[in-house]
Each structure stands twice: as structure tokens, then as C-alpha cells.
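Letter by letter, the chains look like this.
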Amino acid sequence: MAWSASQYLKFEDERTRPARDLLAQVPELPPGPAFDLGCGPGNSTELIQQRFPDASVSGLDSDENMLLAAAKRLPGLTFEKADLATWVPPKGASLFYGNAVFQWLPNHLDILERLTASLAPGGTLAVQMPDNVDQPSHVLMEETARSAEFNDVFKGRTIRRNPLPAPSVYVERLSRHAAHIEVWHTIYYHRLANAEAIVEWVKATGLRPYLEALPAERRSAFETAYTDRIRDAYPALSDSRVLLRFPRFFVVAVRAD
């Protein structure tokens, strides 16, 4: 299964709000290139370009579908295929910006420290990650996978994302290279149409590895079983909508001059 830009953008406004909130805390940049790491379909890259119109902004992603969508959206910018786990950052960058990407990389603390060390003096590392593995939306993925219907596929396999380290761990690691560090959590409450909308949301992200692990002919059954659990976990409001609670963790580190 390839990543789907169109699936991701079904909730573009909601997904872009944390990107805006992160970018709002980035100070003015020194000279040097700016990079949107894990740029996806370019929605966050567009924000960076608008905020810093004089900067040389590039987007990196590991998925061809996302890169094609980003290039179509922003034809004047450069988008490159790269694996952030092995990508070697250039020295002297003004900004490394990562919106909802580093939670997928188990060694992301090592990567973030390497990125911070590569910044130009006064440059900024700005990262936002979902911190939601304990939310029903994600707990129920694992519950469905371990049910009798699907245990034959998932037994002995680890699909679930690891929880993020404590905020203090990020401060300790990044303070070796940063003169100023801010860390915080924001909890978003998204009013979505119904339980099926929650499933559509996570199909572009957290649910995708579970579906990918299944034979194609069993994915629909898994999605149905998961949706039934979601419907019970997120009761409808008086207007028939549901409220998706979504905690996110933010880091902004400014390199020492």
C-alpha cells in the first residue's frame, strides 16, 4: 500500500492547524536553506514559504505519491525523495521543520540531535508529533489486531507505534547544541461527522500499517471490525457529530550563535 496524498488531504484543515501552530513559534531565520522534512503533499511546505518568502525552501519525503502532490501544489519549489533515518543534513541550514513525521522513526532522538547540530547559528529545529498512542483511536487498532478474527496475522508482530519519550528527554538531548528550547503539548478536539470519519482520518496514518500487514481480501473486514469499536468509543454528540481528542507534542530548539 502506498501512502495516499488524497486520503491525507481529506482532513487538510485539521491536519494543517498544528503545522501553523508550530510555525508560529519559529523565530526569524538566519541565512541558509530551509527544509520541510516529511513534507507530505506540501501543505506544511506552503506555510513555510509564505512565512519566509525570501528563504530557499525544499521539501523531503520518502513517498513518491506525496512528492508528486507537493510538486503539483508548489511547482516553483524543490522536492526530493529521502529517507530521514539515513539522510545526511547539510551544514548551515536555517530551518529543519518536521510536521507529524518523526514519530514514525524509532531513533528520532538521535536524528533530532544530529539536525540541531547541523543548523546555522541562530537556526531552528521545529518538530510536531502526534502523542496519541494511548487514545482509543489507536488502542482499538491493536485490540482489533489481537482479536480472534485477525490474531493469525498479527500474533508475534509489533505494529503499534512506541510512545514518545518524556519531554525532559528532548530537552536534555537537544540542549547540547541549542541555546533555547521550548517543549509543549497541545490537545486538539476535532469535531468530525461520525465514527466513519475517524476511520477515514487514521487510514492515512496510524491505521495504514495494520491494513498493509493484511492480505488485500481481509482489509475490509478489519476496517469494519475497527469501525464498530470506534463507534462505541466515540459516542455521538447532540448534533450527531463525534469529538476526536488528539494530543500533539511540540519541540522548538534554536541553535546557539
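First, a word on what this report is: a plain description of the structure on this page. Sequence order as written defines the numbering, with residues in each chain counted from 1. Given that this is a predicted model, residues contribute local features only at a pLDDT of at least 70 and side-chain atom pairs are listed and counted only at 80 or more, while totals for whole chains, interfaces and linings are drawn from all residues. Heavy atoms from the whole structure form the basis of all side-chain values; hydrogens and water molecules are not counted.

**A word on the overall build of the chain**
The condition is simple: Numbering of helices and strands runs from the N terminus, with a helix taken as a DSSP run of H or I at least four residues long and a strand as a DSSP run of E at least two residues long. In this treatment the radius of gyration is a C-alpha quantity, and the globule benchmark scales as 2.2 Å times the residue count to the 0.38 power. For every residue, the accessible area obtained with a 1.4 Å probe (protein chains only) is divided by the maximum for its type, and the residue is called buried under 20%, exposed over 50%, and partly exposed between those limits. By definition in these notes, contact holds between two residues if any of their heavy atoms fall within 4.5 Å. Here the open area of atoms and residues is found with the Shrake-Rupley method and a 1.4 Å probe, where only the protein chains shown may cover a residue.
Helix and strand content of the chain: 11 helices and 7 strands. The C-alpha atoms of the chain give a radius of gyration of 19 Å, which matches the 18 Å a tight globule of 257 residues would have. Each of the 257 residues in the chain was classed as buried or not, and the buried ones make up 51%. Counting contacts in the chain only where the partners sit at least 6 residues apart, residues at least 24 apart contribute 79% of the total. Summing over all exposed atoms, the chain offers an accessible surface of approximately 11,600 Å²; the carbon and sulfur share of this is 51%.

**Describing helix H8 (residues 167-174)**
Keep this limit in mind: What the arc measures is the spread of directions leading from the helix axis to the C-beta atoms.
Taken residue by residue, H8 has Tyr170, Arg173 and Leu174 as its buried positions. One face of H8 carries all of its buried residues, which in axial projection span an arc of 85 degrees. Turning to H8, the residues buried within the fold contact helix H5 (108-118), strand E5 (119-130), strand E6 (178-192) and strand E7 (242-255).

**Section: the packing of aromatic side chains**
Note the cut-off: Classification of ring pairs rests on two measures: the distance between centres of Phe, Tyr or Trp rings, Trp counted by its six-membered ring, which must be within 6.5 Å, and the angle between planes, read as stacked under 30 degrees, edge-to-face over 60 and tilted in between.
Going through the model one piece at a time under the given rule, you end up with 10 aromatic pairs. Residues Phe154 and Tyr210 carry aromatic rings whose centres are separated by 5.9 Å and whose planes lie at 45 degrees to one another, so their mutual orientation is tilted. Of the two residues, Phe154 is situated in helix H7 (residues 151-154) and Tyr210 in helix H10 (residues 208-213); the sequence distance between them amounts to 56 residues. A single burial state applies to Phe154 and to Tyr210, both of which are buried. Plain terms: the ring middles of Trp184 and Phe250 are 5.0 Å apart, the flat faces sit at 5 degrees to each other, and that makes the pair stacked. Taken together, the residues Trp184 in strand E6 and Phe250 in strand E7 connect sequence positions 66 residues apart. Taking relative accessible area as the criterion, Phe250 reaches 0% and is therefore assigned buried. Of the aromatic side chains, those joined through ring pairs into one cluster are Phe150, Phe154, Tyr210 and Phe222.

**Observations concerning helix H6 (residues 136-145)**
With 7 of 10 residues buried, H6 lies mostly within the body of the structure. Along H6, the positions that sit buried rather than exposed are Ser137, His138, Leu140, Met141, Glu142, Thr144 and Ala145. The secondary structure elements touched by the buried residues of H6 are H7, helix H9 (195-203), H10, helix H11 (219-233) and E7.

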